[in-house]
Amino acid sequence: MGLEKEKTRQTFGPQDLGILDTPPSRALRTVVELCAHALKSPVAALFIFDDAAGELFLNTAVGLETQTSGGIGLPLSGSLASHVRSENRVVRIDNLLHPPFDTSVEHMRFGAQSFIGGVVCGPMDDPIGVLAAMHRGQHNWTLQEAKLVGDMAYLISQQIMLKASFATLKIISAERRVHPI
């Protein structure tokens, strides 16, 4: 059978899944908008790690006057999104005005003074992005807000898993056309 003869790709990167494409999908936009609304946060964003380029990719955002999606030319290092990735959990930072967070990309570029972010995982359960909410003033993030961000990041992860499932089905279908059962 075709599946035994051909080596099927085991993983899909952000480019393969279309999450580095613009415009962003309606499902991802909707979750980011819900995040901003549920947390009463003026800014919410879905950052994707473009490891190939070594940059943050802004999939979609609410409340940013600057570019609302696409490559934002900001390095992964020094970003709060990368900090969330390394912690691999929801991270709450109430005050970005003190080191080491005062030089973060989110503070310097977007004017955030408080930040909360949840890990978005890819098909191999690896962190590929962060759902974040930000205030331009200090904000004491509650445990309930942390749970909401974590749950919404999980929903985005599930949407990405669905994209990976569809991509896998396309590969299997193509292999079956080449090597019928």
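What counts, and where the lines are drawn
- Residues numbered from 1 in each chain as written.
- Predicted model: local features only at pLDDT ≥ 70, side-chain atom pairs only at ≥ 80, totals over all residues.
- Heavy atoms only, no water.
- Helix = DSSP H or I, 4+ residues; strand = E, 2+ residues; numbered from the N terminus.
- Buried < 20%, exposed > 50% of the residue type's maximum accessible area, 1.4 Å probe, protein only.
- Contact = heavy atoms within 4.5 Å.
- Areas by Shrake-Rupley, 256 points an atom, 1.4 Å probe, with all protein chains shown as cover.
- Pairing = 2+ DSSP bridges.
- Salt bridge = Lys/Arg side-chain N within 4 Å of Asp/Glu carboxyl O.

Describing the overall build of the protein
Right, so step 1: Each helix and strand counted, the protein has five helices and six strands in total.
Right, so step 2: Ordered by position in the sequence, the α and β elements of the protein form the string α-α-β-β-β-α-β-α-β-β-α.
Right, so step 3: A total of 181 residues make up the protein; the buried ones form 44% of that total.
Right, so step 4: Counting contacts in the protein only where the partners sit at least 6 residues apart, residues at least 24 apart contribute 61% of the total.
Right, so step 5: For the protein, the computed accessible surface area is about 9300 Å², with 55% contributed by carbon and sulfur atoms.

Some points on the pairing of strand 2 (residues 55–62)
Right, so step 1: In terms of burial, strand 2 is largely enclosed, as six of its eight residues are buried.
Right, so step 2: Across seven bridges, the pairing between strand 1 (residues 43–50) and strand 2 is antiparallel. Opposite Ala-45, over in strand 2, you have Ala-61 as the bridge partner.
Right, so step 3: Here strand 1 folds back onto strand 2, and the loop between the two strands holds four residues, one of which, Gly-54, carries a positive phi near 70 degrees.

Considerations on the pattern of salt bridges
Right, so step 1: Considering all chains together, one arrives at three salt bridges under this definition.
Right, so step 2: Salt-bridge contacts for Asp-51 lead to Arg-85; the nearest nitrogen and oxygen are separated by 2.7 Å. Here Asp-51, found in the loop between strand 1 and strand 2, pairs with Arg-85, found in helix 3 (residues 80–87); they are 34 residues apart in sequence, far enough to count as distant.
Right, so step 3: By relative accessible area, Asp-51 is classed as partly exposed at 48%.
Right, so step 4: One salt bridge in this structure joins Glu-87 and Arg-89, with 3.1 Å as the shortest N-O distance.

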